[in-house]
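# Commentary on secondary and tertiary structure
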Amino acid sequence: MFLHLGDGYMIPSKEVVLIGDLESTTSSEITEEFLEISDEEGFIVDYSGGDPRSFVLTGETIYLSMISSKTLGDRVDKFTEENGGY
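The structure reproduced in this document is the subject of the present report. It should be emphasised that the depicted structure is a prediction, and the values quoted were computed from it without experimental measurement. (Residues numbered from 1 in each chain as written. Predicted model: local features only at pLDDT ≥ 70, side-chain atom pairs only at ≥ 80, totals over all residues. Heavy atoms only, no water.)

Our next topic: unusual backbone geometry. Non-glycine residue Asp 7 carries a positive phi angle of around 55°. Following the sequence through the fold, Asp 7 ends up in the loop between β1 (2-6) and β2 (9-12). (Helix = DSSP H or I, 4+ residues; strand = E, 2+ residues; numbered from the N terminus.)

What follows is the structure in structure tokens.
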């Protein structure tokens, strides 16, 4: 299954390590520093159209999405329930 991140962009859901809410997690200095370094190193791909609400962490990339972390999480949960896992 693929996880739709918005605006026609999708990634394989089996690659998802973490789905995070950008607003609540960037209040942490450690998370903010992690995202800044990741951006400087070129590990962030922005699929948010300039309005990021969430991020999806995979083994090699962090994707920014305009879709809420709750909605993205619900999409992964729905697939898992329907298919008994990945």
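Below, the discussion takes up helix α2 (residues 29-40). Its 12 residues give α2 an end-to-end C-alpha distance of 16 Å, which sits within 8% of 16 Å, the value for a rise of 1.5 Å per residue. Just past α2, the residue Gly 42 takes up positive phi, approximately 85°. (Expected span 1.5 Å × (residues − 1).)

Let us now look at the nonpolar core. Nonpolar side chains tend to gather and get buried jointly when the protein is soluble and globular. Residues Leu 3, Leu 5, Ile 11, Val 16, Tyr 47, Val 56, Tyr 63, Ile 67, Leu 72 and Val 76 constitute the largest nonpolar core, which totals 10 residues. Contributions of two or more residues to this core are made by β1 and α3 (69-83). (Core = buried A, V, L, I, M, F, W, Y, C linked by side-chain atoms within 4.5 Å. Buried < 20%, exposed > 50% of the residue type's maximum accessible area, 1.4 Å probe, protein only.)

Once that is clear, we can look at the sheet that holds strand β3 (residues 16-21). Reading across the sheet, the 4 strands line up as β3-β5-β6-β4 and stay open at both edges, with mixed pairing between neighbours. Because the sheet does not close on itself, it has two edges, and the strands there are β3 and β4 (44-46). Geometrically, the sheet is characterised by an average inter-axis angle of 20° between neighbouring strands, direction not taken into account. Taken together, the 3 bridges between β4 and strand β6 (residues 62-65) define a ladder with parallel strand orientation. Residue pairing across strands places Ile 44 opposite Ile 62, the latter belonging to β6. (Pairing = 2+ DSSP bridges. Axes fitted to C-alpha atoms, helices over the stretch in contact; angles between N-to-C directions.)

Right, let's talk about the pairing of β1 for a bit. As judged from the 4 bridges shared by β1 and β2, these two strands associate in the antiparallel manner. Paired with Gly 6 across the two strands is Tyr 9, which belongs to β2. Counting the residues that bridge the hairpin from β1 to β2 gives 2 residues, and of these Asp 7 lies at a positive phi of roughly 55°.

Mapped onto the elements of the fold, Ser 68 is located in the loop between β6 and α3. Owing to a relative accessible area of 16%, Ser 68 belongs among the buried residues under this scheme. Taking C-alpha positions, Ser 68 is 5.6 Å from Ser 54, a pair spaced 14 residues apart along the chain. Residues contacting Ser 68, with those up to four places away along its chain left out, are Arg 53 and Ser 54. Separated by 3.0 Å, the side chains of Ser 68 and Thr 71 make a polar contact. (Contact = heavy atoms within 4.5 Å. Polar contact = N/O pair within 3.5 Å; in protein donor to acceptor, adjacent residues only side chain to side chain.)

This next bit is on the environment of Gly 73. If you trace the backbone, Gly 73 turns up in helix α3. Separated by 53 residues in the primary sequence, Gly 73 and Gly 20 have C-alpha atoms spaced 9.1 Å apart.

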